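# Coordinate analysis (summary)
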Amino acid sequence: GYFTLPPHTHSSAQHRAPALCYFDLLAERMQLKVQYQLMPLSRLLKQLADNELDMALILAKNPEREQQLIYPQTALFVTYPALAIRTAVTSDLQSFMQRNHHTVVLRQQAYRSMHFNNFAGRSIILTGDHIAERAIEMLQKGRADAFYEPDIYSLQFELQQHDLIQQFKVLPFEDDLL
């Protein structure tokens, strides 16, 4: 199973997602026949827990998941989380996370950096489809101060796709490799 995480995976029928193409090559070398199922992250996690799926692509490792699931010894993909904040907000990552007046938009059930254990601000949890687009719109309208994405590449891709790279700065959690 996999969930939509552009640019790695997407729901486009016109173009095959890069993560699927890459795993096709791995499956061919292992002589496996693979059937992919696109689904929301919450359903993917439930079906994995219920042993209804054999594996998931691009699923971040956290302590709870590590107890339930088996991850490869060598990661097939390495990234780290990041925050997108409006360029008008003058802050580095550490001071942003310590201020109690900031609001961060998060995906429900997505990997959360260890830095959120001590986050002083408020969180808004989004569910459903098009979360990145909705979160970025909230930032543009001033309803939130930052959008947290577990994958910096996905965050940068979304900002570039909407021609917003100049309006936002990306603060990476570089010590939190996934």
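Numbering of residues starts from 1 in every chain and runs along the sequence as written. The predicted nature of this model means local features are confined to residues of pLDDT at least 70 and side-chain atom pairs, given and counted, to a pLDDT of 80 or more, with totals for whole chains, interfaces and linings taken over all residues. By convention in this description, side-chain values take in all heavy atoms of the structure and omit both hydrogens and water.

## A look at the nonpolar core
Our working rule: Residue types Ala, Val, Leu, Ile, Met, Phe, Trp, Tyr and Cys, when buried and joined through side-chain atoms within 4.5 Å, form a set referred to as a nonpolar core. Working definition: with a 1.4 Å probe on protein chains only, accessible area under 20% of the residue-type maximum means buried, over 50% means exposed, and in between means partly exposed. For helices the rule is a DSSP run of H or I covering at least 4 residues; for strands it is a run of E covering at least 2, with both sets numbered from the N terminus onward. The contact criterion used throughout is that any non-hydrogen atoms of two residues lie within 4.5 Å.
Membership of the largest hydrophobic core comes to 19 residues, with the highest contact counts inside it found for V105, L126, F147 and L159. Contributions of two or more residues to this core are made by β1 (82-86), β3 (122-126), α5 (131-140) and α6 (152-161). A total of 6 residues in this core trace back to one element, the largest contributor, which is α5. For F147, the contacting residues outside a window of four places in its chain are A82, L83, A84, V105, R107, I131, A132, A135, L139 and L155.

## Observations regarding the confidence of the model for the protein chain
Threshold: On a scale of 0 to 100, pLDDT captures the predictor's confidence in every residue.
With 96% of its residues at a pLDDT of at least 70, the protein chain reaches an overall mean of 86. Per-element mean pLDDT across the protein chain ranges from 85 in helix α4 (residues 93-98) up to 94 in strand β4 (residues 146-149).

## Here we look at the pattern of salt bridges
Pairing is possible between side chains that carry opposite charge, provided their charged atoms lie close to one another. Here is the rule: Salt bridge, as applied in this entry: a Lys or Arg side-chain nitrogen positioned within 4 Å of an Asp or Glu carboxyl oxygen.
Within this structure, the stated rule accounts for 5 salt bridges. One salt bridge connects E66 with K61, and the closest N-O pair in it is separated by 3.9 Å. E66 gets classed as partly exposed once you look at its relative accessible area, which sits at 44%. For R107, the salt bridge identified is with E149, shortest N-O distance 2.9 Å. A residue pair is termed long-range when its members are at least 10 positions apart, and R107 in strand β2 (residues 103-107) and E149 in strand β4 qualify at 42 residues.

## Focus: the environment of R122
Within the fold, R122 resides in strand β3. For R122, a relative accessible area of 48% gives the class partly exposed. As for R122 and H102, which are separated by 20 residues in sequence, their C-alpha atoms are 6.3 Å apart.

## A word on the side chain of T103
Relative to the assigned elements, T103 resides in strand β2. For T103, a relative accessible area of 9% corresponds to the buried category. Not counting residues up to four positions away in its chain, the partners in contact with T103 are R122, I124, R143, A144, D145 and A146.

## Here we look at the sheet that holds β2
This is how the line gets drawn: Only strands that DSSP links by at least two bridges are regarded as paired with each other. Only the stretch in contact is used when a helix axis is fitted, and all axes are lines through C-alpha atoms; the angle between N-to-C directions ranges over 0 to 180 degrees.
Here we have 5 strands laid out as an open sheet, ordered β3-β2-β4-β1-β5, and mixed in their pairing. The sheet terminates laterally at β3 and β5 (168-172), the two strands that pair on one side only. Between one strand and the next, the sheet's axes are offset by a mean angle of 25 degrees, whatever the strand orientation. Examined bridge by bridge, β2 and β3 share 5 bridges and lie parallel to one another. Its bridge partner being in β3, V105 is matched across the sheet by I124. Those strands touched by α5 are β1, β2, β3, β4 and β5, and its axis lies near 155 degrees from that of β4.

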